[in-house]
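Spelled out, the chains give:
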Amino acid sequence: AWKAGTVSLTKQEAKGWDWTLNINTRSILFGAQAAAGYMMKAGWGRIIGITSFGSRRVLPEYSVVGVSKAAIEALIRYLAVELVRYGIVCNAVSPGVVETDALNHFPSKDAILTEGLRRTPAGRFVTPEEVARVVAWLCTDDARMIVGQTLVVDGGYELMA
């Protein structure tokens, strides 16, 4: 069975490409379109995309997912510029390694976890709850001037060479 990111880009088939881009990027675009009218009427709204380190760096087994995450970051920037005048603030959050079932789609899951822990200065992985708290904070008025940015929440993972 096909698994996300395990196919070389030079051998990537349209089905896997479309599936990944639709789930990760198209969903945000059309979700934003569906919500924007309501948010405009309210004069307030937040759109938050979730991306990853693989949007900015090449990771093994992550090619199509990485491209889709980079597309999320670009989409968020464009939405941010277009929608902020209506009080709608758009941003992205890029967690480090988060131990979830999503990792089961990668043949080298154990190596990802071992290497991720080794290169995270905080000495542990980010939890889903920590990511959720950052997203919740971005939805507050305290964060209203953070516009079109990608916040990295990774325990220092990206700092290590």
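Look above for the structure.
The structure presented is a predicted model; accordingly, all values stated were derived computationally and were not measured.

> Describe the packing of aromatic side chains, naming the residues involved and giving the relevant values.
A complete count under the given rule lists two aromatic pairs for this structure. A cation over a ring is seen here: Arg119 above Tyr157, with NZ or CZ 4.4 Å from the ring centre.

> Residues and numbers for the sheet that holds strand S2 (residues 88-95), please.
The sheet built from three strands is open, its strands ordered S1-S2-S3 with parallel pairing. For this open sheet the edge positions go to strand S1 (45-50) and strand S3 (150-153), each flanked by a neighbour on one side alone. In this sheet, neighbouring strand axes are inclined to one another by 25° on average, regardless of whether the strands run parallel or antiparallel. Across the sheet, helix H1 (residues 14-42) touches S1 and S2, and the angle it forms with S1 is around 165°. Its contacts with the sheet place helix H2 (residues 63-83) against S1, S2 and S3, and it is angled at close to 160° to S2.

Each value, and the rule that gives it
Residues numbered from 1 in each chain as written. Predicted model: local features only at pLDDT ≥ 70, side-chain atom pairs only at ≥ 80, totals over all residues. Heavy atoms only, no water. Phe/Tyr/Trp six-rings, centres within 6.5 Å; stacked < 30°, edge-to-face > 60°. Lys NZ or Arg CZ within 6 Å of the ring centre and 35° of its normal. Pairing = 2+ DSSP bridges. Helix = DSSP H or I, 4+ residues; strand = E, 2+ residues; numbered from the N terminus. Axes fitted to C-alpha atoms, helices over the stretch in contact; angles between N-to-C directions. Contact = heavy atoms within 4.5 Å.

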